[in-house]
Amino acid sequence: KENRLKENRLKENRLKERTRDARLPHDSDRDPDRTAPAKRSLWLTALLVALPTLTGNLDRVSPYATIFYLLTYAGVNASACLSGYVRPPGFRPAFRHFHWSVGLAGV
């Protein structure tokens, strides 16, 4: 009987997560002040990228872009490796044959 209760609670929690995730985009539409910092960050990033590009000197931008993408890729792989090894309850990889060692190899 306890197992059935636990299964029902897990199912309810998963349904709550799905409905909460489905509501997230609509919450920001109701409150425009919540999106203001994200829009400012987007415009600042676009400006920082556009200025050197418009001057015609991409050699100044490319090392930073390369380092940024490599560090981002390494961070995603490290978090996948750590989450796969530790197995937190909220981590549910969609790939059927997921293994933590693949994330380690990517780092």
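Quick summary incoming for the structure in this document. Computed from a predicted structure; not experimentally measured.

**Observations concerning the overall build of the protein chain**
- A tally of helices and strands in the protein chain yields 4 helices and 0 strands.
- From first element to last, N terminus to C terminus, the protein chain shows the α and β order α-α-α-α.
- The burial tally for the protein chain puts 5% of its 107 residues in the buried class.
- Carbon and sulfur atoms provide 62% of the accessible area of the protein chain, an area that totals close to 9900 Å².

**Re the side chain of Asn77**
- Looking at where Asn77 falls in the secondary structure, it is placed in helix α3 (residues 62–86).
- Using a relative accessible area of 13% as the deciding quantity, one classes Asn77 as buried.
- Among the polar contacts listed, one links the side chain of Asn77 to the backbone oxygen of Gly106, at a separation of 3.4 Å.
- Non-local contacts of Asn77, meaning those with residues more than four positions away in its chain, are made with Gly103, Gly106 and Val107.

What counts and how
- Residues numbered from 1 in each chain as written.
- Predicted model: local features only at pLDDT ≥ 70, side-chain atom pairs only at ≥ 80, totals over all residues.
- Heavy atoms only, no water.
- Helix = DSSP H or I, 4+ residues; strand = E, 2+ residues; numbered from the N terminus.
- Buried < 20%, exposed > 50% of the residue type's maximum accessible area, 1.4 Å probe, protein only.
- Areas by Shrake-Rupley, 256 points an atom, 1.4 Å probe, with all protein chains shown as cover.
- Polar contact = N/O pair within 3.5 Å; in protein donor to acceptor, adjacent residues only side chain to side chain.
- Contact = heavy atoms within 4.5 Å.

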